[in-house]
Amino acid sequence: MLETQTPKKVDLNSEKIWNNCLTNIKRNVSQMTFNTWFLPIKPIDINNSTLKVLLPSQFFWEWIDEHFNSLIHSTITSVIGPDANLAYIIADEKDEEHNPVFVKQEKAVKKSVEIEKPDFETYINPRYTFDNFIKGEGNQLARAAAGAIGDNPGGTSFNPLFVYGGVGLGKTHLVQAIGNKIIQNFPLKKAIYLSSDIFTIEFVEAIQSNKVNEFSNFYRSMDVLILDDIQFLIGKEKTQDLFFHIFNTLHQSGKQIILTSDKPPKDLKGMDDRLISRFQWGLSADIQPPDFETRNAILRRKAEEFGLALPTDIFEYIASHIVSNIRELEGCLIKLLANASLNSKKIDFDLVKTTVKEIATSRQVNVTIENITSVVCSFLNVGEDKIRDKTRKKEVVLARQIAMFLAKDLTRSSLKTIGLHFGGRDHSTVIHACTSVEKNIIVDESMKELVKKIKEKIELDSV
Ligand code: ADP
Ligand code: MG
């Protein structure tokens, strides 16, 4: 039983389990979200399949329950098993036995199980709607086309709809909103959303388990296919080839295809020309960074969602200092809320200024596994194709290991994805590479220097 603010006894087993959960969560959220909302959670014990954790405040619970319920649920079931449950207590609640919140929470996690659709997982997140997507000059065309598709999937000339633009500008939100609208307007239509990364991984798994036909038929049976971040298919010829056939089947039968990318179709170097030309059949619409008014409107809208009342000048301060990325605008509000609630501080101008500064300095550089591979190869003078094939030559193995290590360190890619980028190696190979480099860095000063130099170059290239 818990008597004081910090639990005295931490069950080692629960700590291990929670660490495994954290590893998975980390891959799915930004560093900032992770630090703000997941690091403060402390495991207490595990009983049957119920993991009990300690949380700093009631507000904290409500926040993570609302925003990360399904992530937490899928994480604990994959780590603990299908009956997994999360129970929590609040740091200043004394008597857990009579803690009504505790009961409420168990219900909350179970609820998420019931909501899940039985047939197949659509991956369409109800959080992203047209209602909470703020229109602005930068997203006008994309927003209008998306709306039209939501009302008439497959029936407009926007097929495929190809939305492109920089990170954090709302591509995923917009295409998910189309999915939600379609589910609402046409409950019988089969719509699915997935990132191209996941698509590739599933495809590789299908090959390994001899289920390529099932895999392909599944996607061909959709009425609406939303494939996010199609640039991830670059360099993956087999996946591109399969997608080409799925695209054709869907398009010919008037099914809706929606794609996003970080660049326009013609700039997707390494993508099959047949696909590039198909991407241009419908409408390509870009999303540009939001102007001041749009940033301000987005902030106000998000603050309202978070139940946060702020004076006008604070909104304007944030909107004029965080200019290029909507995810960061949102992140700023979350951080303000977290700071205010965790440290019982008031949200005043000082707190706003420090928070904005923190965001500016922690700005994540946009490193991809491709950048990493190319820098590592040029440093070590190894051909990029060698790193992906089976060569066991010493210098190639070294380059491959360093590249894997840096991919783990600098990107949010899973071990599985990293393995895929290096010639379809499995996750244990990636782990082995990472540990080997980590060890070498400790014992070998020149190795440490080399990795440091490579890292600096990658970060410089990626700003
Ligand atoms: P991208 O996929 O382009 O990297 P996201 O769609 O993930 O960007 O957007 C990042 C965050 O910003 C999300 O939380 C999203 O809800 C929010 N966002 C982006 N654009 C808008 C908008 N126009 N109105 C409201 N929220 C937005
Ligand atoms: Mg996205």
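Every value quoted in this text rests on a predicted model; they were computed, and no experiment measured them.

Chemist: Account for the nonpolar core, with residues named and values stated.
Modeler: If you look at the biggest cluster of nonpolar residues, it comprises 53 residues, and the most contacted ones within it are Trp-37, Phe-38, Leu-55, Ile-64, Phe-68, Ile-318 and Leu-333. Those residues in contact with Phe-38 that lie beyond four places of it in its chain are Trp-18, Leu-22, Ile-25, Val-29, Thr-33, Phe-68, Leu-71 and Ile-72.

Chemist: Please provide a residue-by-residue account of the packing of helix α7 (residues 196-208) against helix α9 (residues 237-252), values included.
Modeler: In contact at an axis separation of 10 Å, α7 and α9 are set at 100° when each is read in the N-to-C sense. It follows from the interaxial angle that α7 and α9 lie roughly perpendicular. The segment α7 lies against α9, with Phe-199, Thr-200, Phe-203 and Ile-207 engaging Lys-238, Thr-239, Leu-242, Phe-243 and Ile-246. In terms of residue class, the contact of α7 with α9 is built from six nonpolar, two polar and one charged.

Chemist: Tell me about the packing of aromatic side chains, residues and numbers included.
Modeler: Applying the stated criterion to the full structure yields 16 aromatic pairs. Taken together, a centroid distance of 6.5 Å and an interplanar angle of 55° make the contact between Phe-247 and Phe-279 tilted. One end of the pair, Phe-247, is in helix α9; the other, Phe-279, is in helix α10 (residues 273-279), and 32 residues separate them in sequence. Phe-247 gets classed as buried once you look at its relative accessible area, which sits at 0%. By relative accessible area, which is 0% here, Phe-279 ends up buried. Three or more aromatic residues joined by ring pairs form one cluster here, namely Phe-120, Phe-162, Tyr-164, Phe-199, Phe-203, Phe-215, Phe-218, Tyr-219, Phe-243, Phe-247, Phe-279 and Trp-281. Across from the ring centre of Phe-186, 5.6 Å away, lies the NZ or CZ of Lys-189, which sits over that ring.

Chemist: Residues and numbers for the side chain of Asn-139, please.
Modeler: You can see Asn-139 is positioned in the loop between α4 (100-115) and α5 (140-151). Overall, the relative accessible area of 7% leaves Asn-139 in the buried class. Here the side chain of Asn-139 touches Ile-134 through a polar contact of 3.1 Å, landing on its backbone oxygen.

Chemist: An account of helix α13 (residues 326-342) is needed here, citing residue identities and associated values.
Modeler: In this model α13 runs 24 Å from its N-terminal to its C-terminal C-alpha over 17 residues, within 8% of the 24 Å that 1.5 Å per residue would give. The element α13 is extensively covered by neighbouring structure, given that 14 of its 17 residues are classed as buried. Its side-chain oxygen 2.7 Å from the backbone nitrogen of Arg-327, Asn-325 forms the N-cap of α13. The positive-phi residue at the C-terminal boundary of α13 is Ser-344, with phi of around 40°.

Chemist: So, the state of the cysteines: which residues are in play, and what are the values?
Modeler: A complete count under the given rule lists zero disulfides for this structure. You can see Cys-434 has no disulfide; the closest cysteine sulfur is in Cys-377, sitting 16 Å from it. Using a relative accessible area of 7% as the deciding quantity, one classes Cys-434 as buried.

Chemist: I'd love a proper account of the sheet that holds strand β4 (residues 161-165), names of residues and values included.
Modeler: On the basis of which strands lie adjacent, the open sheet formed by five strands has the order β5-β6-β7-β4-β8 and parallel pairing. Pairing within the sheet leaves two strands with one partner each, and these edge strands are β5 (191-195) and β8 (283-287). Mean inter-strand twist for the sheet, computed between neighbouring axes without regard to direction, equals 15°. Here β5 runs beside strand β6 (residues 224-228); their pairing, made up of five bridges, is parallel. Of the residues in β6, the one forming a bridge with Ala-191 is Val-224. Contacting β5 and β6, α7 runs over the sheet at an angle of about 95° to β5.

Chemist: Quick one: what's the story with the site of ligand 1, residue by residue and with numbers?
Modeler: The environment of ligand 1 is made up of 19 residues, and the closest members are Ile-134, Gly-168, Thr-172, His-173 and Glu-330. Within the backbone of Gly-170, one N or O atom sits 3.1 Å away from an oxygen atom of ligand 1. Within the side chain of His-173, a nitrogen or oxygen atom sits 2.6 Å from an oxygen atom of ligand 1. In the complex, the protein chains occlude 96% of the 560 Å² of accessible area that ligand 1 would expose alone. Put simply, the parts of the chain that give the shell around ligand 1 at least two residues each are α6 (171-185), α11 (292-306) and α13. Among the residues making up the shell around ligand 1, the classes are represented as seven nonpolar, seven polar and five charged.

Chemist: Report on the pairing of strand β2 (residues 50-55), specifying residues and quantitative values.
Modeler: When you tally the buried positions in β2, you get five out of six residues, the bulk of the element. Bridge analysis of strand β1 (residues 42-47) against β2 gives five bridges, and the strand direction is antiparallel. Looking at the pairing, Lys-42 lines up with Leu-54 of β2. The loop that links β1 with its antiparallel partner β2 comprises two residues; one of these, Asn-48, has a positive phi angle of about 50°. As judged from the six bridges shared by β2 and strand β3 (residues 85-90), these two strands associate in the parallel manner. Considered in β3, the bridge of Lys-52 is made with Ala-87. In this view, the connection linking β2 to its parallel neighbour β3 by way of helix α3 (residues 58-80) has right-handed handedness.

Reading guide: rules and limits
Counting restarts for each chain: residues are numbered from 1 in the order of the written sequence. The lettering of chains begins at A and the numbering of ligands begins at 1, in the order of writing. Residues qualify for local features only when their pLDDT is at least 70, as the model is predicted, and side-chain atom pairs are given and counted only at 80 or more; totals for whole chains, interfaces and linings, by contrast, use all residues. Processing note: side-chain calculations cover all non-hydrogen atoms of the structure and skip hydrogens and water entirely. Only buried residues count toward a nonpolar core, which is a set of Ala, Val, Leu, Ile, Met, Phe, Trp, Tyr and Cys residues joined through side-chain atoms within 4.5 Å. A 1.4 Å probe rolled over the protein chains alone gives each residue an accessible area, and that area as a share of the maximum for its type sets the label: buried under 20%, exposed over 50%, partly exposed in between. The contact criterion used is simple: two residues touch if any of their non-hydrogen atoms lie within 4.5 Å. All axes here are fitted lines through C-alpha atoms, helices being fitted over the stretch that makes contact, and every angle between N-to-C directions spans 0 to 180 degrees. Helix and strand definitions here come from DSSP, where helices need a minimum of 4 consecutive H or I residues and strands a minimum of 2 consecutive E residues; each element is numbered from the N-terminal end. Here is the rule for angles: anything less than 35 degrees is roughly parallel, anything more than 145 is roughly antiparallel, 65 through 115 is roughly perpendicular, and the remaining ranges are oblique. When residues are sorted by character, Ala, Val, Leu, Ile, Met, Phe, Trp, Tyr, Cys and Pro go into the nonpolar class, Asp, Glu, Lys and Arg into the charged class, and all the rest, Gly among them, into the polar class. Each Phe, Tyr or Trp ring (for Trp, its six-membered ring) is paired with any other whose centre lies within 6.5 Å, and the angle between the two planes then decides the class: stacked below 30 degrees, edge-to-face above 60, tilted in between. We call a charge positioned above a ring when the Lys NZ or Arg CZ atom is no farther than 6 Å from the ring centre and deviates by at most 35 degrees from the ring normal. We define a polar contact as two N or O atoms separated by no more than 3.5 Å, with the added condition that, inside protein, one atom must be a possible hydrogen donor and the other a possible acceptor, whereas residues neighbouring each other in sequence contribute only through side-chain atom pairs. In this scheme, a helix's expected span is set at 1.5 Å multiplied by one less than its residue total. When two cysteine sulfur atoms lie within 2.5 Å, the pair is treated as a disulfide. Two strands qualify as a pair provided DSSP detects at least 2 bridges between them. Nearness is defined per residue: one heavy atom within 4 Å of the molecule or strand is enough. Areas reported as accessible are Shrake-Rupley estimates using a 1.4 Å probe. Residue values count occlusion only from the protein chains shown. Here is how to tell: hold the view so the strands point away, follow the path from the first strand over the helix to the second, and if it runs clockwise the crossover is right-handed.

On their own, these measurements won't tell you what the molecule is for.
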